[in-house]
Amino acid sequence: MADVDADRGGAGKRRGGGAYGYGPADAGERAWTSWLVPLFVVACVAVFVVEMYVNNCPARPQPYGSCVARFLHRFSFQAIRQNPLLGPSSSTLEKLGALEWYKIVHRNQGWRLVTCIWLHAGLIHLVVNMLSLLFIGVRLEQQFGFVRIGIIYLLSGFGGAVLSALLLRNSISVGASGALFGLLGAMVSELIINWTIYSNRVAALLTLMVVIVINLGIGLFPHVDNFAHIGGFLTGFLLGFLLLIRPQFGWMERHDLPPSAQVTSKYKAYQYVLWVIALLLVIVGFTIGLVMLFRGVNGNDHCHWCHYLNCVPTSRWSCED
């Protein structure tokens, strides 16, 4: 997660890059080459190009004003009042697989829980997400490999979509940021479950908070889904305990230590406890969430103000379009 200092006495913290990868990897760990995260970035950019091609703003009636950047022709953006993030219309997002509760529950289009992960509401949304993904995801993949990071990314996006579908009824949304927030959540849990390895924890947490606040702020615009942010973060947070756990200090070097100093257990007791709790919560959370969703439960019945966490209407734009 952050810079760590080797204890001069030989029994303290080891130097490991953690999720941020600021330090060299531990001698017993493999250094992975990041290719999956860049592939995710390429895929998201390609999907956005398809969004704008399908949208074709100049060919549609424009009740909210003229298209933005008309020199891009069919790739020009919808009017600012309709989409302040410089992107397509809500109808285009819906056509390409955006999250929509009615179609998921009543038209058996559960695939939208997956397709919405790859959609972006606009150019601003895309740029912020991809920069954040490169900054966070590459470091994580280098430290933990493509399998674990890929699982966290995809399941976090799915978990965010499930929570979003439970709380969104009258609007469509895209949940690409949910997967990113899953990586942020995993970074937090990785810091917690490997607590004894790292120092400078405050700096690591502050860095995480800056990225989280920026993305939550963007989530207040139309079409961007803060419910997916929250659901993705919680999913990634739990998955981080399961997949990003590191052996305690001394385990990798146990064969080089005298018998009196050898470590007999790969993980500390608190790591085992957190792992078990996280596993139970992941299973229970996904089970309850999916059962509630496909039974048509409206999460807003239990939280009447939650919709303000997803979009704040202003005189410049509407949250219903």
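By convention here, each chain's residues receive numbers from 1 onward along its written sequence. This being a predicted model, a pLDDT of at least 70 is required before a residue's local features are given, and a value of 80 or more before pairs of side-chain atoms are given or counted; all residues contribute to the totals for chains, interfaces and linings. Excluded from the side-chain calculations are hydrogens and water; all other atoms, namely the structure's heavy atoms, are used.

S.K.: Just checking my understanding: could you explain the packing of aromatic side chains for this structure?
M.R.: Here a pair means two rings of Phe, Tyr or Trp (six-membered ring of Trp) with centres within 6.5 Å. Their orientation is stacked below 30 degrees between planes, edge-to-face above 60, and tilted elsewhere. Scanning the model with the defined rule gives nine aromatic pairs in all. Seen in terms of ring centroids, tryptophan 35 and phenylalanine 146 are 5.0 Å apart; in terms of plane orientation they differ by 50 degrees. Their pairing is tilted. One end of the pair, tryptophan 35, is in the segment before α1 (36-55); the other, phenylalanine 146, is in helix α6 (residues 146-167), and 111 residues separate them in sequence. The rule is simple: take the accessible area with a 1.4 Å probe, protein chains only, and divide by the maximum for that residue type; under 20% is buried, over 50% is exposed, in between is partly exposed. Judged by its relative accessible area of 43%, tryptophan 35 is partly exposed. You can call phenylalanine 146 partly exposed: its relative accessible area is 32%. Members of the aromatic cluster, each reached through a chain of ring pairs, are Phe40, Trp118 and Tyr153. We count a stretch as a helix when DSSP gives it H or I for four or more residues in a row; a strand needs E for two or more, and each element gets its number in order from the N terminus.

S.K.: In this structure, what is going on with the state of the cysteines? I would like to understand it.
M.R.: The disulfide criterion used throughout: a pair of cysteine sulfur atoms within 2.5 Å. If you walk through the whole model with that rule in mind, you get one disulfide. Here cysteine 57 engages in a disulfide with cysteine 67; their sulfurs sit 1.9 Å apart. Every disulfide takes its handedness from the sign of the S-S torsion; for cysteine 57 and cysteine 67 that torsion is -95 degrees, giving left-handed. Taken together, the residues cysteine 57 in the loop between α1 and α2 (90-95) and cysteine 67 in the loop between α1 and α2 connect sequence positions 10 residues apart. Judged by relative accessible area, cysteine 57 falls into the buried class, the value being 0%. Among the residues examined, cysteine 67 registers a relative accessible area of 6% and is labelled buried.

S.K.: Help me understand the pattern of salt bridges, please; the structure alone is not making it clear to me.
M.R.: In a structure, side chains of opposite charge can pair up when their charged atoms sit close to one another. Any carboxyl oxygen of Asp or Glu that lies within 4 Å of a side-chain nitrogen of Lys or Arg is treated as forming a salt bridge with it. Counting across every chain of the model gives three salt bridges. Between lysine 103 and glutamate 94 there is a salt bridge; the shortest N-O distance is 2.6 Å. The class for glutamate 94 is partly exposed, based on a relative accessible area of 23%. Across the pair glutamate 190 and arginine 246 runs a salt bridge whose closest N-O atoms are separated by 3.2 Å. Highlighted residues: glutamate 190 in helix α7 (residues 176-193) and arginine 246 in the loop between α9 (226-243) and α10 (269-294), separated in sequence by 56 residues. A single burial state applies to glutamate 190 and to arginine 246, both of which are buried.

S.K.: What exactly am I supposed to notice about the packing of helix α5 (residues 123-144) against α7 here?
M.R.: The geometry of a pair of packed helices is captured by two quantities: the angle between their axes and the separation between those axes. The convention used is that axes are lines fitted to C-alpha atoms, helices contributing only their stretch in contact, and that angles between N-to-C directions extend from 0 to 180 degrees. Between α5 and α7, whose axes approach to 10 Å, the crossing angle comes to 40 degrees. By the angle class used here, α5 and α7 are oblique. α5 and α7 meet at a crossing whose hand is left-handed. Between α5, through His125, Asn129, Ser132, Leu133, Ile136, Gly137, Leu140 and Phe144, and α7, the contact on the second element is made entirely by Ala176, Ser177, Leu180, Leu183, Leu184, Met187 and Glu190. Classification used: nonpolar for Ala, Val, Leu, Ile, Met, Phe, Trp, Tyr, Cys and Pro, charged for Asp, Glu, Lys and Arg, polar for all others including Gly. Within the contact of α5 with α7, the residues separate by chemical class into nine nonpolar, five polar and one charged. The cut-offs work like this: below 35 degrees is roughly parallel, past 145 is roughly antiparallel, 65 to 115 is roughly perpendicular, and the gaps in between are oblique. Crossing handedness is defined as follows: a turn of the near helix away from the far one that is anticlockwise and smaller than a right angle gives a left-handed crossing, while the clockwise case is right-handed. By definition, residues are in contact when any of their heavy atoms lie within 4.5 Å.

S.K.: Sorry, what's going on with the environment of glutamate 141 here?
M.R.: Locating glutamate 141 in the fold gives a position in helix α5. In this structure, the C-alpha to C-alpha distance between glutamate 141 and leucine 36, residues 105 residues apart in sequence, is 7.8 Å. Between N or O atoms, a polar contact is any pair within 3.5 Å; within protein, one atom must be a potential hydrogen donor and the other a potential acceptor, and residues adjacent in sequence are included only when both atoms are from side chains. Within the local environment of glutamate 141, its side chain forms a polar contact with the backbone nitrogen of valine 37, the two atoms lying 2.9 Å apart.

S.K.: What exactly am I supposed to notice about the UniProt feature "transmembrane region" (unreviewed entry) in the chain here?
M.R.: When the UniProt feature table is mapped onto this chain, "transmembrane region" (unreviewed entry) is found at residues 35-54, 117-138, 150-168, 174-195, 202-221, 227-245 and 272-294. Secondary structure across residues 117-138 comprises 73% helix and 0% strand; the distance between its end C-alpha atoms is 19 Å. Taken end to end, residues 150-168 is 95% helix and 0% strand, and its two terminal C-alpha atoms sit 27 Å from one another. UniProt positions are given in the numbering used here, feature names are shortened, and annotations may be inferred rather than shown by experiment.

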